[in-house]
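Here is what each chain is made of, one letter per residue.
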Amino acid sequence: MESIISIKNLSKTYASGLHALKDVNLEIRRGEILALLGPNGAGKTTLISIICGIVNPGSGSVLVDGHDIITDYRAARSLIGLVPQELGIATFESVLATMAFSRGLFGKPHDADFIESVLHDLSLWDKRDEKIMTLSGGMKRRVLIAKALAHEPDILFLDEPTAGVDVELRHDMWEMVRRLRERGVTIILTTHYIEEAEEMADRIGIINRGELSLVEEKTALMNKLGKKQLTLTLQQPLEAIPAELASRPLELSEQGDVLVYTFDCHEEHTGIPDLLRDLNEHGIDFKDLNSSQSSLEDIFVSLVREQP
Amino acid sequence: MNLHAIRAIYLFEMARTWRTLMESIASPILTTALYFVVFGAAIGSRMGEIDGIEYAAFIIPGLLMLSLLGESISNAAFGIYFPKFSGTIYEVLSAPVSYIEVVIGYVGAAATKSLILGVLILLTARLFVDYQIEHPVWMVSFLILTAVTFSLFGFIIGLWADDFQKLQIIPMMVITPLTFLGGAFYSISMLPPFWQTVTLFNPVVYLISGFRWSFYGVSDVNVGISLVMILVFMALCLATVWWIFKTGYRLKN
């Protein structure tokens, strides 16, 4: 698939000596939703800030729809809308005034109808004449999104869009992101809510300590790394796992009444029939069993932990 | 040229001016009026003429410069410092605008505000003193050049400052003394010869002298030199701004 953003060998070291990005290579596809996951301080915001022109790159190159972000910054930036993480928003002007400012800044002539439609989409139309300082935190967040959309960007960056917002706004945002995607807008979001990436993204990139450790289709990633667990609730608590079964990937709960068997769902032989037979032979009865697949969260935690 | 962006920044900044009209315009006018009352009416009547000009009239160009420099610097400095402080600068940095467009928008608005202020001070002065303007075209030119140059200088201070104190320190500690010692209230020919020479290193001397010439046709230093000095200072400011945006100093790191 065609790339809309092409990042090559991008590195960044801040004046403080912090090595924020280490040789990042990433192709972002036109029209996709890409979620960048990573713990705090992993380099997510630095990456976004460089693409958007807020931070100078160290070395490497970034092309946005074929336009270099340094030499051809006007063309590159015109395509991008950015919703920043912090609520740093000038507070004294009205919602309509700030929308007009954003649109003008990106070189677009004033268009009252378009601005009205964006404000309607984000349930901000009723607040259009209010000063931003009087709005609630959630409403301010909506204003930041509206500002980013004011110039009709083809690419939208959402930096931690739902950090600290209520459930209703979070669902509205997801809804909005889907609508934008239908219109062909490419969306890149950073988050450390894994639920969010799982819910919305087509692909997931994981950043840790400035390195992009992997980028994969969400479903492929979950299949590839997903582990299944079989949980058996026992009739009688065990003191220990019988020696004959110790070679199997089994774990006993502290009270000794739950056995957890972990297996790879892609193996042809899951080992479940063998396990059940062995349990039977040792006279271990169970009253309940259930199997579950690990979530993206488990995958993420295990990936981030793996690294030194 | 991204004209829409220049317009957006300019209008945004001017909206701030109208919002803060009382603080930004009323207080300098009041201060200037107080100077006129004290130095013009009260003390001025006991002073002799300087270079054949009545003292109250003599101090008008200097007083105007005092307000113009201070206001240009603080307007422009605050205009760019506040978005940096609040974080909204991200939008300007991520927009398809060149640094020249950003500067025209912010500095243009700050200079406009200073010019409005300058005109209001001139009108206020009229209530206290009868003055004449011999070279109105030059007077307006000096006014515009000074407003633009010192707005640029303020813009640099706003970019450089990383706390509110730094924002205040240059206008307080540098500009006010330079203006007071730059011949706002006296002619430098009244100083002992040694201090006359020292004074020539004060750039504000050239501003006030040139500006006073446009009013009364008399000056401490040659008008051409005054003009050149303003232009040199403006060029220095432009070069500094260019360097700041090129390297991203205190903006992009």
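Just so it is clear, the structure is predicted and the values come from calculations on it, not from any experiment. (Residues numbered from 1 in each chain as written. Chains lettered and ligands numbered in written order. Predicted model: local features only at pLDDT ≥ 70, side-chain atom pairs only at ≥ 80, totals over all residues. Heavy atoms only, no water.)

## Comments concerning the side chain of Thr 179 of chain B
All names here are of chain B.
Link 1 in the chain: Along the chain, Thr 179 falls in helix H7 (residues 164-180).
Link 2 in the chain: By relative accessible area, which is 1% here, Thr 179 ends up buried.
Link 3 in the chain: In contact with Thr 179, not counting residues within four places along its chain, are Leu 66, Leu 69, Ala 184, Val 204 and Ile 208. (Helix = DSSP H or I, 4+ residues; strand = E, 2+ residues; numbered from the N terminus. Buried < 20%, exposed > 50% of the residue type's maximum accessible area, 1.4 Å probe, protein only. Contact = heavy atoms within 4.5 Å.)

## Examining the interface of chain B and chain A
Link 1 in the chain: Taken together, the 25 residues of chain B in the interface contact 28 residues of chain A.
Link 2 in the chain: When chain B packs against chain A, the two sides together hide about 2500 Å² of surface, and 59% of this comes from carbon and sulfur.
Link 3 in the chain: Interface area lost by chain B to chain A is led by Tyr 90, Glu 91 and Pro 96 of chain B, which between them contribute 26%.
Link 4 in the chain: Joining chain B to chain A, the criterion identifies 2 salt bridges.
Link 5 in the chain: Residue Glu 101 of chain B pairs with Arg 74 of chain A through a salt bridge whose shortest N-O separation is 2.7 Å.
Link 6 in the chain: In terms of residue count, helix H1 (residues 3-19) of chain B provides more of the side of chain B that touches chain A than any other element does, 6 residues in total.
Link 7 in the chain: Per-class residue counts for the side of chain B that touches chain A are 11 nonpolar, 10 polar and 4 charged. (Buried area = accessible area lost by both parts, 1.4 Å probe. Salt bridge = Lys/Arg side-chain N within 4 Å of Asp/Glu carboxyl O. Nonpolar A, V, L, I, M, F, W, Y, C, P; charged D, E, K, R; others polar.)

## Concerning the pairing of strand E3 (residues 33-37) of chain A
Residues and elements named next belong to chain A.
Link 1 in the chain: The buried fraction of E3 amounts to 5 of the 5 residues, a majority that puts the element mostly inside the structure.
Link 2 in the chain: Because side chains alternate across E3, one face comprises the buried residues Ile 33, Ala 35 and Leu 37, and the other comprises Leu 34 and Leu 36, equally buried.
Link 3 in the chain: The sheet contact formed by E3 and strand E8 (residues 186-191) spans 5 bridges and is parallel. Paired with Ile 33 across the strands is Ile 187, a residue of E8.
Link 4 in the chain: Pairing between E3 and strand E9 (residues 203-208): 4 bridges, direction parallel. By the bridge assignment, Leu 36 is partnered in E9 with Gly 205. (Pairing = 2+ DSSP bridges.)

## Notes on the domain arrangement of chain A
Link 1 in the chain: We note that the domain assignment places domain 1 (3-223) and domain 2 (227-306) within chain A.
Link 2 in the chain: In this structure, domain 1 of chain A and domain 2 of chain A have C-alpha centres spaced 42 Å apart. (Domains from an automatic or database assignment.)

## As for a nonpolar patch on the surface
Residues and elements named next belong to chain B.
Link 1 in the chain: Taken together, the side chains of Val 37, Val 38, Ile 43, Met 47, Leu 127 and Phe 128 present a nonpolar region at the surface, about 530 Å² in accessible area.
Link 2 in the chain: Mapped onto the nonpolar patch, the elements with two or more residues apiece are helix H2 (21-43) and helix H5 (99-128).
Link 3 in the chain: Counting residues per element, the nonpolar patch draws most heavily on H2, which supplies 3 residues.
Link 4 in the chain: Looking at the secondary structure, you find Val 37 in helix H2. (Patch = residues over 30% accessible without salt bridge, like charges linked within 9 Å, V, L, I, M, F, W, Y side chains within 5 Å. Areas by Shrake-Rupley, 256 points an atom, 1.4 Å probe, with all protein chains shown as cover.)

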